[in-house]
Amino acid sequence: MRLTLLGTGDTTGTPTVGCDCDTCETARDRGVERTRFSVHVENDRRGESLLVDFSPDFRYQFLRDDVALPDAAVVTHVHFDHLDGLGNVFRVFDSIDIYAADETDPATGESVAETVRSDYDYLDPIAVHPTAPFDPVGICGFDVTLVPVDHPPLVCYGLAIEDPETGAKLSITGDTSYDVPDRSREALADPDLLLADAIVPAHLCEYHPIGGRHEDPEGVPRTFGTKHMTREGALALADDLNADRTRLVHLAHYYPSDEAFEEPLAIDGERYEL
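Novice: Explain the overall build of the chain here, please?
Specialist: A count of helical and extended segments in the chain gives 6 helices and 16 strands. Taken over C-alpha atoms, the radius of gyration comes to 17 Å for the chain, in line with the 19 Å a tight globule of 274 residues would show. Seen through its principal axes, the chain has C-alpha atoms that stretch 50 × 40 × 40 Å. A burial count over the chain gives 58% of its 274 residues as buried. In the chain, once contacts between residues fewer than 6 apart in sequence are set aside, the share between residues at least 24 apart is 64%. For the chain, the exposed surface amounts to about 11,400 Å²; the carbon and sulfur share of it is 46%. Across the chain, the 21 positively charged side chains and the 54 negatively charged ones have centroids separated by 3 Å.

Novice: Explain the state of the cysteines to me, please; I cannot follow it from the model alone.
Specialist: Disulfide: a covalent bond connecting the sulfur atoms of a pair of cysteines. This structure, assessed with the given rule, holds 0 disulfides. You can see Cys24 has no disulfide; the closest cysteine sulfur is in Cys21, sitting 3.6 Å from it. Here Cys156 is not disulfide-linked; the sulfur of Cys205 is the nearest cysteine sulfur, at 19 Å.

Novice: Looking at this structure, I do not really get the nonpolar core. What am I missing?
Specialist: In this structure, Phe54, Leu86 and Ile161 are the most contacted members of the largest nonpolar core, which totals 51 residues. Considering each element in turn, this core owes the most residues, 5 residues, to strand β5 (residues 96–101). If we skip the residues at most four places from it in the chain, Phe54 touches Ala73, Val75, Asp81, His82, Leu83, Asp84, Gly85, Leu86, Val89, Ile96 and Ile98. Within the second largest apolar cluster, 25 residues are counted, among which are Ala27, Tyr178, Val180 and Phe261.

Novice: Sorry, what's going on with the layout of surface pockets here?
Specialist: Picture a little ball the size of a water molecule; that probe, rolled over the atoms, points out where space is still empty. The volume enclosed by the largest pocket comes to roughly 300 Å³. Forming the walls of the largest pocket are 18 residues, and the residues nearest its centre are Asp10, Thr11, Ile199, Lys227 and His228.

Novice: Would you take a moment to explain the sheet that holds strand β14 (residues 228–229) for this structure?
Specialist: Strand pairing in a sheet takes place through backbone hydrogen bonds and is either antiparallel or parallel in direction. One open sheet holds the 3 strands; their spatial order is β12-β13-β14, and the pairing between them is antiparallel. Of all strands in the sheet, those bounded by a partner on one side alone are β12 (212–213) and β14. Note: β12 against strand β13 (residues 223–224), 2 bridges, orientation antiparallel. Pairing of Gly212 across the sheet is with Phe224, part of β13.

Novice: Could you clarify how one ought to interpret the pairing of strand β1 (residues 2–7) in this entry?
Specialist: On a regular strand, one side chain projects to one face of the sheet and the next to the other, so that they alternate. For β1, the tally of buried residues reaches 5 of 6 residues, placing the bulk of the element in the interior. Bridge count for β1 against strand β16 (residues 271–273) is 3 bridges, and the pairing is antiparallel. Each residue of the ladder has a partner; that of Thr4, found in β16, is Arg271. Relative to strand β2 (residues 38–43), β1 runs antiparallel, the two being bridged by 5 bridges. Looking across to β2, one finds that Leu5 is bridged to Val39.

Novice: I'm lost on the sheet that holds β1 in this one. Help?
Specialist: Across the sheet, which stays open at both edges, the 7 strands sit in the order β6-β5-β4-β3-β2-β1-β16 with mixed pairing between neighbours. The open sheet has two edge strands, β6 (126–131) and β16, and neither has a second partner. Between one strand axis and the next, the sheet turns by 20° as a mean value, whatever way the strands run. Bridging between β2 and strand β3 (residues 48–52) involves 5 bridges; their strand directions are antiparallel. Note that in β3 the partner of Val41 across the bridge is Leu50. Together, β1, β2, β3 and β16 form the strand contacts of helix α2 (residues 58–65), whose direction differs from that of β1 by roughly 130°.

Novice: I'm lost on the packing of aromatic side chains in this one. Help?
Specialist: Each aromatic ring pair is characterised by the separation of its centres together with the angle its planes make. One pass over the structure, following the stated rule, counts 4 aromatic pairs. When the ring of Phe54 is compared with that of Phe58, the centres are 6.0 Å apart and the planes differ by 20°; the resulting orientation is stacked. Like Phe58, Phe54 is buried. Here a set of aromatic residues connected by ring pairs shows up, and it is made of Phe54, Phe58, Phe62 and Phe93. The aromatic ring of Phe134 is capped on one face by Arg183, whose charged end is 3.8 Å from the ring centroid. In this structure, Arg185 packs its charged tip against the face of Tyr178, placed 4.7 Å from the ring centre.

The rules we used
- Residues numbered from 1 in each chain as written.
- Predicted model: local features only at pLDDT ≥ 70, side-chain atom pairs only at ≥ 80, totals over all residues.
- Heavy atoms only, no water.
- Helix = DSSP H or I, 4+ residues; strand = E, 2+ residues; numbered from the N terminus.
- Rg over C-alpha atoms; globule rule 2.2 N^0.38 Å.
- Buried < 20%, exposed > 50% of the residue type's maximum accessible area, 1.4 Å probe, protein only.
- Contact = heavy atoms within 4.5 Å.
- Areas by Shrake-Rupley, 256 points an atom, 1.4 Å probe, with all protein chains shown as cover.
- Lys, Arg positive; Asp, Glu negative; His and termini not counted.
- Charge placed at Lys NZ, Arg CZ, Asp CG, Glu CD.
- Disulfide = S-S within 2.5 Å.
- Core = buried A, V, L, I, M, F, W, Y, C linked by side-chain atoms within 4.5 Å.
- 1 Å grid on protein atoms, 1.4 Å probe; cavity = no way out; pocket = protein on both sides within 12 Å on 5 of 7 lines; lining within 4 Å.
- Points joined across faces, edges and corners; volume = space filled by probe spheres on them.
- Pairing = 2+ DSSP bridges.
- Axes fitted to C-alpha atoms, helices over the stretch in contact; angles between N-to-C directions.
- Phe/Tyr/Trp six-rings, centres within 6.5 Å; stacked < 30°, edge-to-face > 60°.
- Lys NZ or Arg CZ within 6 Å of the ring centre and 35° of its normal.

Structure below.
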């Protein structure tokens, strides 16, 4: 299993357009970036690859990192920074299989799969496959399991991606608070690599309109507002899941510049072999 972190940023990315904060300036000075979230997972035995989420930066990411166009993709939820790059399949793909959850979202009245199909019904190359959470499905030679997480008000899913021949396992939390259900934690547990949503450090919760949630015994918030984990929450979840290695993703430019590029915060273009 060979993976490339195509996009490690939040909805605005780093550097953020029109921003001259110290973190964005440091990113420019270092020549690093965090575009909108996406992960490329290659099965080199089969010469096939899987894409996790369609970043709006799809075209740029694939040109920059020179990875193969995917044979299939999973969409974790319908926020634009994870879905709206799907329009890039126009005139680029002959066909691509899209997997997304089949559970109806009370907030939209549709499942993720139904929203993908209805929003992109004009794209002939795509075939949407509604997928039941917790039921592994074979994609590109991997066993892929969608697991519900906590990203109100929309349904959202993390992923467990396992290679049945080598035993390698990649877990992705998806966009989530620290309040990941127990059954989902069991499905995500014991990965060789965990990609965990960690939008800001916990000390910035004081600037959120509703502050932080899910405090640890020392009172450190593990959730920023309601939708995303703090850095400290993501690392606590990594410990809970017994992750062998962890990279933090979906990172905002609000990280202070002296913290923004410290380990284990990821940047675009990182590659791993599992």
